[in-house]
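# Architecture and fold: a report
Take a look at the letters that make up each chain.
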Amino acid sequence: MARENEDAGMAEDVSKAKSQRKSKAKETKTRTVHANTLHDFAKGEENPSRRYANNRIKTTKYTVLSFLPKNLFEQFHRLANVYFVFIALLNFVPVVNTFLPELALAPVLFILSVTAIKDIWEDYRRHRSDMEINHMDCLVYSRAEKGYVEKYWKEVRVGDFIRLRCNEILPADVLLLSSSDPDRLCHIETATLDGETNLKQRQVVRSFFDLDCDFDPLKYNSVIECEKPNNDLNRFRGYIIHQSGKKDALYKENLLLRGCTIRNTEEAVGIVIYAGHETKAMLNNNGPRYKRSKLERQMNVDVFWCVIILLVMCLFAALGHGLWMFQYGDKRPVFDVLSPEGTNLSPIMSAIYLFLTMIIVFQVLIPISLFVSIEIVKICQVYFIHQDADLYDEETDSHLQCRALNITEDLGQMQYIFSDKTGTLTENKMVFRRCTVAGVEYSHDANAKRIAMYQEMDSEEEECISHGGTLPRRDSVGSHQSARVLRSHSTKSHRRTGSRAEAKRASILSKHTAFSSPMEKDITPDPQLLDKVNDCSSQLDFMRLHSQPMSQLPSDLSDVFDFFIALTICNTVVVSSPNQPRQKVRMRFELKSPVKTIEDFIKRFTPSRLTSGSNNSSSSSLNRSSNKGGSSMQSCPSAESTLTKLNEEQSSSVMEHAFSPAPPSYDGKAFCTPDEGELRYEAESPDEAALVYAARAYKCSLVGRLPDQVTVELPHLGKLNFELLHTLGFDSTRKRMSVVVRHPLTDQITVYTKGADSVIMELIRPPITGNSKGRRQKKILCRTQNYLNLYAADGLRTLCIAKKVLSKDEYARWLQHHLQAETAIQRREELLFESALRLETNLQLLGATGIEDRLQDGVPETIASLRKAGLQIWVLTGDKQETAVNIAYACKLLDPEEELLTLNADSQEACKLLLEESLHYIQAKFLCSSGDASAKDFHANVSSFEIYPSSPLSSHAASDSVHRLGLVIDGRTLAYALDASLEDTFLTVARSCRSVLCCRSTPLQKSMVVKLVRNKLKVMTLAIGDGANDVSMIQVADVGVGISGQEGMQAVMASDFALPRFRYLQKLLLVHGHWCYSRLANMILYFFYKNAMFVALIFWYQFYCGFSGSAMIDQWYLIFFNLMFSSFPQLISGTLDKDVSAETLQQLPQLYTSGQNSEEYKPYMFWMNMIDAFYQSLVCFFIPYFAYTDSDVDLFTWGTPITTIALLTILLHLGIETKTWTWMNCLSIAFSVALFFTVALCYNASCPTCYPPSNPYWTIQRLLQDPVFYLLCTIAPVAALLPRYFYRACHSTLFPNPVQVGRQLDKLPADTRRNILSLSRVKMGSWLSPRQPSLPVGKPQNCTQKDQRGTEAPAKRAGAESVQQGPAHPPDPHSSSLKELGAKNDPLLSEELQPASTKDPSDPSWVPSTQMDRVQLNLPPSRAPPCVTYVRSSETALSCEQTPPCSRGTTAEAELYTAV
Amino acid sequence: MTTMKEEGNYANRPSNTAFTQQRLPAWQPMLSAGVVIPGFLLIGLAFIGIGVGLLITSRSIQVLELDYTGTETSSPCYQCTMSNQSNCVCKLSFSIGTLFKGPVFFYYGLTNYFQNQRKYGVSKDFNQLIGDVSYFKSPSSDCQPYQRVNGKPIVPCGAIANSMFNDTFKLYQIINGKEELVPFDGKGIAWWTDYNIKYRNPDYTPLKNAFNDTEKPVFWTKPAYELDTSDASNNGFINQDFLVWMRRAALPNFRKLYRRITEGNYKDGLPAGNYSLEISYNYPVISFEGTKKVTFSNVSWMGGQNEFLGIAYLVIGSMCVVMSVVMLIVYAKFRFPEED
């Protein structure tokens, strides 16, 4: 926990450490570590380890002494601060000074000290956490004591021996030398480092492996040579040199990293290799990121405009002063003051001096407090986002994290979302669904049923919750207490009812314990396959007994056998059993209330406990009785009871089904008996575990894994020990992993490989033609490929399993190279990679598996509403095309009514052609589909099935259909399309599609796509992902979002925001993004207005004081106006103002477009605000001017009312702009006014002789007795704000923009609002984007005319009205892209098109433009999606054709459709 | 009991308060036509009412302004502008038709005179003016170039004091060809706080001693302790004319209170008749194209005559009314049928 606090300062320290190391690196390239025991008596320099950093960490930036200079130095990096200091210093120059020099310093000092205090506070927090960490205890060997003594972490040094006990946190990077584990292993949990919750095994260094007795540090006299400290968590290389001269290589498996926790191991001893800041954990610790948001960039432009306005004003004043001086010539008026020397200043000189003076006077125009205010507001916004209970995930007990503090408002301006698929859209919880072995498919129907049951329960349960739980919560703002009680009741009761709830519960725990939920664990085997497995193992058993060679096994049976062996051992799954529980396993039972019914459910759904779970009826009755406790549940008692009944039926039937075929004659030892407790598998990736669980369902269970041995338990055969020769781990380039084992039955050296089907299929040994075996092989291959396609079509993740038998010679040859690679210090990774490539060839295909990755809750809804919000969603996934397409359909990214453009090319040229053809096709669609009547008819038919049934304007539907295009592109084609020559075409095509799906894309491609879209289209991009492969994409995008899910923390570490679930993105963007953006935008605009308005007052005065730089506003008011009098209200409204309520924002995602189009802060708005500011200042200046003209008023008696009026006007202006008034807004405004008068009264009464030159003694006191003062304070603000108020009033009553409509909706009572939103979406839609240019239906009009209509009409529309115009590109997307296309379109084509579309709708003759390609235009018979597939490949690679899932239909209809 | 345990389990759960969940009870002012139109109308009518009241008040104030710069040859003071004589006296005659209701305030006014100029405004030493003798010897550098003359410090130093208005006036009513002096009341024309707190004479008797080794401002004819020969307590820094002058005018055209007419026969105002104003003309304004004038005025609760405020209220008020009417019309025409 504390580690998280060590943030900001780290980067610097690290770089410092690096530079220090650099100097050392000149000396040696490696680090040598000696044991400190040898050198304990040698003092200081003699011990080589003393040179290395010790374990004390210091993440603070400052010390007491260095704080001031260092902090100031840092603050002056900000240009604005330098500017304000410059102005303050200018005040010390007598010729130009205006204010009391000391007073002029005040704002700068204030700003600097606020920042400094913030820095001190942060630094202090870091210091505290450092202290805490540095003072943790650990056992260090002391030579003097001849034993381990407790020491603080900070006292640990490189070369120390450390004894670690179970559940201890590692204080430094330690090389493991001894372990109490009989296998010389040590398990660590690395959750704090990479978020992976599974246990990792670490091995004792090989040479200490055979130590029988306890490790004795005194006998240790080896030297360790290893690499310099670096931040690569997954790499450690080095060797240990014993005194005997023997060298032994060291791997990352030998290193225990700081911050990890020792688990499952009673005791371990190691030597410290890296300490303190040089540990890998610390080197990986980067501070928060600093990004500049779009709004801020925009703001900076306007700050520069302010500077220009300031300079113009100063120049004008200087010129005016020069002329004023000039008009008097030599005749000096009595009121003129000579220079101190008594000489006459020339007009030019005085003009120059005045210029500088004016800069001081007008300095307020550049808002000094703007930057500070923005920071404060953003911190508050981040606080509120953090606090949002809707973004809190109960399952994982985590809420949203804002890692970047300064881009909250960017969330409201997103235009493109790039999403990863696995783990982001899906849960990344892998469930084994089906498999094919040796060309035979096993559909696992029972298993599917089981899973369906889980889901069914889930959905019913959610209904229950929505009936019972959310309703009271929504309505009762004040009665949270009762709401909470209700909710807890409902959660309690539904946990009792649904085993899915149990699964959920288990997944909460899995966060801590890395155990899979029952859904993933309990696989119901396919009876056919189970028979085969039994058959096979019994035969093997028989053969073993009769010592027959194993090769006599029928090849299909041996394939089945190998398949399961491969599933079981080809992985890195760690086995643990409840018999040696980890700390957290115990905790699990402590935390969870031991409700009897939960136990029952576990029993019912855990087959191994079937025997004890016979009291079904009693538990269900218990269920029902418990329901009475929660009143909220009474609304759906019937659903509840049916659910329970369903459970009973289902479960009993499933279990009968599952276990009836299991022969009871198995000896109990081989089977996991309930008493023994089941084994638990901990895998690095969830699909590995899924496969192992699947194999276990077939009684082929993994029971133990040691570094060199895997134990598999099989029916009949009992425990088989596979000697594990090598494990070639998974990597993303190879996309496969292999194990090399010695098969205990055949004694052959066998390679089992598991990997992505595309790579494995290429590595399969080509079948020898002619012979029967070859034919069989070929058949298997082709069938498997077919099934793979099918699996993918079902949205399953496919993996291929293959094996290879190595002869002794082959193995020996390979081994030689491999050992070299393993021992190499340089380039070891590459060598190992090559070595793996050499091994994984000529494989024999065994089968394939289909694993389901379930969609996360609420993903389709989230995508639908994000899309309605005008966001373009692209999915970039590494999965194969079919899987990706199906998941895309499942999550409503692709719509069944959408046409699909599939781009698969295998050369640059092909890709180019494809893109051009698609472009033509799209153009054609753009031109004709919107205009043609029959198209409308068609769509009218279709749209009757739509979600919004009665779309009132058929033209709307038609124009929508233009966007109803989906683009699917695979990685290879993407690589071509991203080429500089094609990227523009690609983008044009992609832009006209509603959704884009990039499959098989590499991490680099992902980031390239994001970069391309971001740079070329100049849009705001958001990338969301959960895995290491998304990191580059997350970093490139404007906003990176990490899902803190299953796949570790890399994505989260790189992200700006970390979400527990994908669906939270909806609220984050639509609500918080919108709010943050509109709040900040309004605040910034207000800031500019405020300062301009205030400064302009003084500017007008210059016309009446000879441009002499004199101000009627007292210097105190002038200086403190921004800092004190007017600052609080804007901070409050910048933090709290809500233009539309959260509910409405979520229900009307269209409102998000206001942020996308930057509608709250457009460049013209700055100028409008400036004009308004100047107008208001004119009013505020001239009303007092005329009121006091030709009177005996003195300077400050006249100036103080102006200040007051200005303040009131400014505050009331904020009041007009404030959309939601809470007591805090009112209080802050009242406070500001009160503060002004208090300060003024005190200031004016405090000192009769101070504060020259103004010396406003008793001014305000006299004014308060003057009725004119009050009259002025009434009329001037009203007159100043009248136009703005009138404009706002007209705007919101007569031409409300969508946001204002949303606000009006908010005013309605909750029930009415819900009704309006749910029932008449159509009406709302038409209301929100009214005045669609309604094209006359049925009137024969030719295409081009319509096209013009189509292009011009939307262009005329106001930006606000284009809400529903689908994807919104910065300029009205619709019109611009159409125009573009229209312009490119050659007249020939459109001429050709006219007759085609008008005269004969069924004539497909328009196709000529696209005749050159193979176009498959198919219309689905019923609900299947219409689809266009382009396939262009110079040589079709594989004979098995890729049949897109959607393209089945009759060509006649297709022709009709295309002609349409 | 389970709830308690769960609370501990969900350590990171955000607290569910109206504030953190941004659900504070709030008022959302909707600028709907139903609110805006009556609002405008009300404000408009109220303003019109105030405006009428102000205008009536303002109209009831009598003002008489007389320019005596003497730029025109017909002007009685013309000769004073020509010569450099130090004590030029000119007489200005005028007549009042009806009773000028009292108390009558008598102002002098200057135009084109930039008392609000920045460097001019700085040019004084508050510490001298509060009577701190130590600053008599070494005036603040702000006063430059009116800090010292001939090596001697100037008291009171600075441009403001130096440029003090030094025309004096005497008003006679001509009754039956005979000039009768209208008594001027010179007390209490400056701010009470100026006279009592901000400005003080040094504690010397006679006051003259305090000014030893100092010089009078260069433009002055008399030292500060001899400003009012008739009244000893009206001398030094608390001389009323000096105080009035030191309070800088806000705008280049201004008037300053010279005297009030509150005594004797003129307590109720200036009766109708012929008057003659005797001006000792000293202050030069021609060089910067300024003008000088005197003003007789009586005052109401809202000060001197100023019709502007009343008119402004009327204008803004009627604008509000007009706006509400406009909105009513537009709203009636364009309102959406769906709105209810």
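What you are looking at is a predicted structure, and each value in this text was computed from that prediction instead of being measured.

The rules behind the values
Residues numbered from 1 in each chain as written. Chains lettered and ligands numbered in written order. Predicted model: local features only at pLDDT ≥ 70, side-chain atom pairs only at ≥ 80, totals over all residues. Heavy atoms only, no water. Helix = DSSP H or I, 4+ residues; strand = E, 2+ residues; numbered from the N terminus. Buried < 20%, exposed > 50% of the residue type's maximum accessible area, 1.4 Å probe, protein only. Contact = heavy atoms within 4.5 Å. Rg over C-alpha atoms; globule rule 2.2 N^0.38 Å. Areas by Shrake-Rupley, 256 points an atom, 1.4 Å probe, with all protein chains shown as cover. Lys, Arg positive; Asp, Glu negative; His and termini not counted. Charge placed at Lys NZ, Arg CZ, Asp CG, Glu CD. Pairing = 2+ DSSP bridges. Axes fitted to C-alpha atoms, helices over the stretch in contact; angles between N-to-C directions. Buried area = accessible area lost by both parts, 1.4 Å probe. Salt bridge = Lys/Arg side-chain N within 4 Å of Asp/Glu carboxyl O. Polar contact = N/O pair within 3.5 Å; in protein donor to acceptor, adjacent residues only side chain to side chain. Nonpolar A, V, L, I, M, F, W, Y, C, P; charged D, E, K, R; others polar. Disulfide = S-S within 2.5 Å. pLDDT = per-residue confidence, 0-100. Core = buried A, V, L, I, M, F, W, Y, C linked by side-chain atoms within 4.5 Å. Parallel < 35°, antiparallel > 145°, perpendicular 65-115°, else oblique. UniProt positions renumbered as here; feature names shortened; annotations may be inferred. Expected span 1.5 Å × (residues − 1). Patch = residues over 30% accessible without salt bridge, like charges linked within 9 Å, V, L, I, M, F, W, Y side chains within 5 Å. Phe/Tyr/Trp six-rings, centres within 6.5 Å; stacked < 30°, edge-to-face > 60°. Lys NZ or Arg CZ within 6 Å of the ring centre and 35° of its normal. Left-handed = near helix turned anticlockwise from the far one by under 90°.

## Brief notes about the overall build of chain A
The number of helices and strands found in chain A is 53 helices and 38 strands. By the burial criterion, 60% of the 1460 residues in chain A qualify as buried. Looking at chain A alone, contacts between residues at least 24 apart form 76% of all its contacts between residues at least 6 apart.

## A look at the overall build of chain B
Within chain B, the regular secondary structure consists of ten helices and 13 strands. Taken over C-alpha atoms, the radius of gyration comes to 31 Å for chain B, far larger than the 20 Å a tight globule of 340 residues would show. In terms of overall dimensions, chain B has C-alpha extents of about 100 × 60 × 40 Å along its principal axes. A fraction of 79% describes how many contacts in chain B between residues 6 or more apart in sequence connect residues 24 or more apart. Carbon together with sulfur atoms contributes 56% to the accessible area of chain B, which is approximately 15,500 Å² in total. A gap of 2 Å separates the mean positions of the 31 positive and 28 negative side-chain charges of chain B.

## Notes on the sheet that holds strand E8 (residues 168-175) of chain B
Residue and element names in this part refer to chain B. Taken in spatial order, the four strands make up an open sheet running E3-E12-E8-E9, and their pairing is antiparallel. The open sheet has two edge strands with one neighbour each: strand E3 (88-96) and strand E9 (178-181). Taken over all neighbouring pairs, the strand axes of this sheet differ in orientation by 30 degrees on average, direction set aside.

## Structural notes on the interface of chain A and chain B
On the chain B side, the residues contacting the 113 residues of chain A number 92 residues. Taken over both partners, the interface formed by chain A and chain B buries close to 9,300 Å², and the fraction arising from carbon and sulfur atoms is 63%. Taken as a group, Val-334, Phe-335 and Asp-1190 of chain A account for 8% of the area that chain A buries against chain B, more than any other trio of residues on that side. Note that Lys-293 of chain B is salt-bridged to Asp-1190 of chain A, the shortest N-O span being 3.0 Å. Counting the contacts that link chain A with chain B gives 21 residue pairs in polar contact (both at pLDDT 80 or more). If one sorts the elements of the side of chain A that touches chain B by residue count, helix H46 (residues 1267-1294) of chain A sits on top with 17 residues. In the side of chain A that touches chain B, the residues fall into 56 nonpolar, 33 polar and 24 charged. One ladder, built from two bridges, connects strand E36 (residues 1221-1222) of chain A with strand E1 (residues 26-27) of chain B; its direction is antiparallel. Each residue of the ladder has a partner; that of Thr-1222 of chain A, found in E1 of chain B, is Ala-26 of chain B.

## Points about the sheet that holds strand E10 (residues 247-250) of chain A
Residues and elements named next belong to chain A. In space, the four strands of this open sheet follow the order E1-E8-E9-E10, with antiparallel pairing throughout. Across the chains shown, the open sheet's two edge strands, defined by having one partner strand only, are strand E1 (30-33) and E10. For this sheet, the mean inter-axis angle between neighbouring strands, taken without regard to orientation, is 20 degrees. Both strand E8 (residues 223-227) and strand E9 (residues 238-241) contribute to a ladder of four bridges, which runs antiparallel.

## A short note on the state of the cysteines
Residue and element names in this part refer to chain B. A full pass over the atoms with the stated rule returns three disulfides over all chains. Two residues share a disulfide in this structure: Cys-77 and Cys-90, whose sulfurs sit 1.9 Å from each other. With the S-S dihedral at roughly 80 degrees, the linkage between Cys-77 and Cys-90 falls on the right-handed side. On the criterion of sequence distance, the pair formed by Cys-77 in the loop between strand E2 (63-67) and helix H3 (78-82) and Cys-90 in strand E3 is long-range, its members being 13 residues apart. Per residue, the accessibility class of Cys-77 equals that of Cys-90, and both read buried. Put simply, Cys-143 and Cys-157 are joined by a disulfide, and their sulfur atoms are 1.9 Å apart. Within this pair, whereas Cys-143 is found in the loop between helix H6 (134-137) and strand E6 (148-149), its partner Cys-157 is found in the loop between strand E7 (152-153) and helix H7 (159-162), the two being separated by 14 residues in sequence. Cysteine pairing for chain B (bonded cysteines numbered in sequence order): 1-4, 2-3, 5-6.

## Notes on the confidence of the model for chain A
Fine structural detail should not be taken from predicted coordinates in areas where pLDDT scores are low. All names here are of chain A. In this model, chain A carries an average pLDDT of 71, and 70% of its residues clear a pLDDT of 70 or more. Here residues 579-676 scores under 50 on pLDDT; set against residues more than four positions off or in separate chains, the count is 124 contacts. Counting interchain partners and residues more than four positions distant, the pLDDT-below-50 stretch residues 930-962 has 46 contacts.

## Quick word on the pairing of E9 of chain B
The two faces of the sheet receive side chains in turn, since in a regular strand these alternate between them. All names here are of chain B. Bridge count for E8 against E9 is four bridges, and the pairing is antiparallel. Paired with Ile-174 across the two strands is Glu-179, which belongs to E9. Counting the residues in the hairpin turn of E8 and E9 gives two residues, including Asn-176, whose phi is positive at 55 degrees.

## Comments concerning the nonpolar core
Judged by nonpolar contacts, the single largest core of 137 residues is most densely connected at Phe-362, Phe-1088, Phe-1181 and Trp-1198 of chain A. With 20 residues, the top contributor of residues to this core is helix H37 (residues 1064-1102) of chain A.

## A word on the confidence of the model for chain B
Residue and element names in this part refer to chain B. With 94% of its residues at a pLDDT of 70 or more, chain B has an overall mean of 86. Confidence, expressed as mean pLDDT per element, reaches its minimum in chain B at helix H1 (residues 2-9) with 45 and its maximum at strand E5 (residues 104-110) with 93. Ignoring residues within four places in sequence, the model shows residues 1-7, a span with pLDDT below 50, making five contacts including any to other chains. Model confidence for the complex is summarised by a pTM of 0.74, with the ipTM given as 0.95.

## Concerning the packing of helix H5 (residues 101-134) of chain A against helix H38 (residues 1115-1125) of chain A
Residues and elements named next belong to chain A. One can describe the packing of H5 onto H38 by two numbers: an axis separation of 9 Å at closest approach and a directional angle of 10 degrees. Taken together, the axes of H5 and H38 are roughly parallel relative to one another. In this structure, H5 contributes Leu-103, Ala-104, Ala-106, Pro-107, Phe-110 and Ile-111 to the contact, and H38 contributes Gln-1115, Trp-1116, Ile-1119, Phe-1120 and Leu-1123. Of the residues in the contact of H5 with H38, the class split is ten nonpolar, one polar and no charged.

## Overview of the UniProt feature "domain: P-type ATPase C-terminal" (unreviewed entry) in chain A
Following the UniProt record, one finds the feature "domain: P-type ATPase C-terminal" (unreviewed entry) at residues 1052-1297 of chain A. For residues 1052-1297 of chain A, helix accounts for 72% and strand for 2%, while the C-alpha atoms at its two ends are 37 Å apart.

## Digging into helix H10 (residues 308-334) of chain B
Taking 1.5 Å as the rise per residue, H10 of chain B with 27 residues should run 39 Å; its terminal C-alpha atoms sit 38 Å apart, in good agreement. Within H10 of chain B, the full set of buried residues consists of Leu-309, Gly-310, Ala-312, Tyr-313, Ile-316, Gly-317, Cys-320, Val-321, Met-323, Ser-324, Met-327 and Tyr-331 of chain B. Residues of H10 of chain B that are buried make contact with helix H42 (1163-1187) and H46 of chain A together with helix H2 (33-59) of chain B.

## Things to note about H2 of chain B
Compared with an ideal rise of 1.5 Å per residue, which puts 27 residues at 39 Å, H2 of chain B spans 38 Å between its outermost C-alpha atoms and is within 8% of the ideal. Turning to H2 of chain B, its buried residues number three or more, namely Ala-33, Val-36, Ile-37, Phe-40, Gly-44, Phe-47, Gly-51, Leu-54, Leu-55, Thr-57 and Ser-58 of chain B.

## Some thoughts on unusual backbone geometry
In this structure, Pro-156 of chain B follows Val-155 of chain B across a cis peptide bond, with omega equal to -10 degrees. Here Pro-156 of chain B shows up in the loop between E7 and H7. In this model, Thr-205 of chain B is joined to Pro-206 of chain B through a cis peptide bond whose omega is -10 degrees. Relative to the helices and strands, Pro-206 of chain B resides in the loop between helix H8 (192-198) and helix H9 (240-246). Phi angles above zero are rare outside glycine, and Ser-1158 of chain A is one such case at about 50 degrees. Examined against the element boundaries, Ser-1158 of chain A turns out to sit in the loop between helix H41 (1153-1156) and H42.

## Notes on a nonpolar patch on the surface
A contiguous nonpolar surface patch, about 450 Å² in accessible area, is contributed by Val-301, Trp-305, Ile-308, Val-312 and Trp-1167 of chain A. The biggest single contributor to the nonpolar patch is helix H8 (residues 294-328) of chain A, with four residues.

## Thoughts on the packing of aromatic side chains
Counted according to the given criterion, the structure contains 88 aromatic pairs over all chains. Between Phe-1236 of chain A and Phe-1237 of chain A, the aromatic rings sit 5.3 Å apart at their centres with planes inclined by 70 degrees, giving edge-to-face as the arrangement. A relative accessible area of 0% means that Phe-1236 of chain A is categorised as buried. Relative to Tyr-283 of chain B, the ring of Tyr-113 of chain B lies with its centre 6.1 Å away and its plane at 40 degrees, an arrangement referred to as tilted. Linking Tyr-113 of chain B in the loop between E5 and helix H4 (118-122) with Tyr-283 of chain B in the loop between strand E12 (273-281) and strand E13 (292-298), this pair joins segments that are 170 residues apart in sequence. Of the two residues, Tyr-113 of chain B and Tyr-283 of chain B, both sit in the buried class. The lysine or arginine in question, Lys-247 of chain A, covers the ring of Tyr-239 of chain A, its NZ or CZ lying 4.1 Å from the ring centre.

## Some points on the environment of Arg-143 of chain A
Considering the arrangement of structural elements, one finds Arg-143 of chain A in the loop between strand E2 (137-142) and strand E3 (147-152). For the pair Arg-143 of chain A and Ser-1246 of chain A, spaced 1103 residues apart in sequence, the C-alpha separation works out to 73 Å.

## Points about the packing of helix H43 (residues 1195-1217) of chain A against H46 of chain A
Residue and element names in this part refer to chain A. Relative to each other, H43 and H46 sit at 30 degrees, their axes nearing to 9 Å. In this structure, H43 crosses over H46, and the sense of that crossing is right-handed. Of the residues in H46, those touching H43 at Pro-1201, Thr-1204, Ile-1205, Leu-1208, Thr-1209, Leu-1212, His-1213, Ile-1216 and Glu-1217 are Phe-1269, Leu-1272, Cys-1273, Ala-1276, Pro-1277, Ala-1280, Leu-1281, Arg-1284, Tyr-1285 and Arg-1288.

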